[in-house]
Amino acid sequence: MRTSGVLLFIAYLGFISLGLPDAAHGINWPFVRTEFAVPTGWLGLVIAGGGIGYLMSSFSVGYLLSRFGVGWLLVVSSLLVSLGLFGFYFSASFIVFVLFAIVIGMGSGAIDAGLNAYAAEHFSTKHMNWLHAAFGVGATAGPIIVTTVLVSFSQNWRLGYVVLAVILFVMAMVFLFSRHLWESDKHAPKKPAEHLEDTTIVSQRQALKHPVIRFQILFFFLYSGVEVGVGQWAFTVMTESRGISLASAGTWVAVYWGMLAFGRAVFGFLVERFSVDQLLRLCLAGVVLGALFFTTSVTPYASYFGLALMGFCSAPIFPCMISQTATRVGKKYSAHAVGFQMSAAVTGAMTLPFLSGLVGGHYGLTSLSLTFLLYAILLFGLFQLILTRAK
């Protein structure tokens, strides 16, 4: 069990490192687009590039795990992320910048899928929730690191990526020296008998015909669009449209991601004491309210409050919806359903922030923030529909 504890600690570090680059683009983008002379909405191309790389590696992770093992997969994937971040520093054009975003996505997708696959088999549900909270810790630290570099080094956006690249390289070395531990099954906990029961095998096509699964695919598509879109665009909206300082905007974007991590830790305890569906309903309503405050932004404090509220209320949505999948659609459909949900989440994270950027480019940054409110309202309505159809 000592080995299990060591690997659990390393897994937490891995999820923290995985979250570091995700929020960095939102802070650096105003300076990146100025240097490369590209439109505001082209941040969506960077996000899309990362998403394409993520899909490429996550879809292939089963093959990669069987061929190389989880240890080497984590080593190589972390090195890819580090390479991509160093590549941002040396990028001479926007096209090269996007290509390195694809490299980072490939590494991140393999790390995410590899760690989740391992954790699902070897760690408890509590730790699964807290591992996702650790990702939020990394997503919180990323903006803080990048903002600190921007403020301290004359808005040198390239240097911030170098700092993150060094951290990911160190993480790759941690995975390298622990690679043999990941391959051992001696520390794996025994599964309860009920988890070993065989279930009827259904095809992907059959699963896609399930109405609740279709609604959940759309739900995860929208949810990731909200979470990622707010994190990526809030800094630009606050600094370029509302006159908020770089330091304040960067700090409150970090608060957004920090509340996401803090909320997952808090709700990890609450889900054992209250109805999961009731908590989800309240949290989705909170996301709508937070989006309303951020969109209207009567004062800068309304923007700050809206960001914090959206971060906190978003916290349990992803892990709780994943955990409720088997209950809603049945065990024989659950494996396919979870796979569809993860793919939909990545697709939503790629496309909806890009769509919001296009709206902002044509109609102004106020309209961009309005898209967050629209997505949040649709998300709340869709959840009500899922509850109705799942009964």
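Scope of this entry: the structure provided in the associated data block. Values in this document were obtained by computation on a predicted structure and should not be read as measured data.

Right, let's get into the state of the cysteines. A complete count under the given rule lists 0 disulfides for this structure. With no disulfide of its own, Cys320 lies closest to Cys283 among cysteine sulfurs, the gap being 7.8 Å. Accessibility expressed as a relative area gives 11% for Cys320, which makes it buried.

Let us now look at the side chain of Ser356. Assignment of secondary structure puts Ser356 in helix α16 (residues 331-363). For Ser356, a relative accessible area of 1% gives the class buried.

Positive phi, normally seen in glycine, also occurs at Ser154, with a value near 55°. When you line up the elements, Ser154 lands in the loop between α6 (125-152) and α7 (157-177). Phi is positive for Gln155, close to 60°, though the residue is something other than glycine. For Gln155, a relative accessible area of 41% gives the class partly exposed.

Counted by the stated rule, this structure contains 4 salt bridges. The salt bridge partner of Arg33 is Glu240, with a shortest N-O separation of 2.8 Å. Taken together, the residues span a long stretch of sequence, with Arg33 in helix α2 (residues 24-36) and Glu240 in helix α10 (residues 211-241) at a distance of 207 residues. In this structure Arg33 comes out as buried when scored by relative accessible area, which is 18%. Since its relative accessible area comes to 38%, Glu240 is described here as partly exposed. Ionic pairing is found between Glu35 and Arg158, a salt bridge with its closest N-O pair at 2.7 Å. Of this pair, Glu35 sits in helix α2 while Arg158 sits in helix α7, placing them 123 residues apart in sequence. Exposure remark for Arg158: the relative accessible area of 15% places this residue in the buried category.

The biggest cluster of nonpolar side chains holds 104 residues, and the ones touching the most others in it are Leu85, Trp182, Phe219, Met238 and Ile317. The element best represented in this core is α10, accounting for 13 residues. Beyond its immediate chain neighbours, meaning those up to four positions away, Phe219 contacts Leu284, Ile317, Met321, Leu379, Leu382, Phe383 and Ile386.

The next point concerns α10. The principal kink in α10, of about 40°, is found at Trp233. The element α10 is largely enclosed, with a buried count of 23 among its 31 residues. Gly243, located one to two residues past α10, shows a positive phi value of around 70°.

Rules used in this analysis
- Residues numbered from 1 in each chain as written.
- Predicted model: local features only at pLDDT ≥ 70, side-chain atom pairs only at ≥ 80, totals over all residues.
- Heavy atoms only, no water.
- Disulfide = S-S within 2.5 Å.
- Buried < 20%, exposed > 50% of the residue type's maximum accessible area, 1.4 Å probe, protein only.
- Helix = DSSP H or I, 4+ residues; strand = E, 2+ residues; numbered from the N terminus.
- Salt bridge = Lys/Arg side-chain N within 4 Å of Asp/Glu carboxyl O.
- Core = buried A, V, L, I, M, F, W, Y, C linked by side-chain atoms within 4.5 Å.
- Contact = heavy atoms within 4.5 Å.
- Bend = angle between axes of the 7 residues up to and from the residue.

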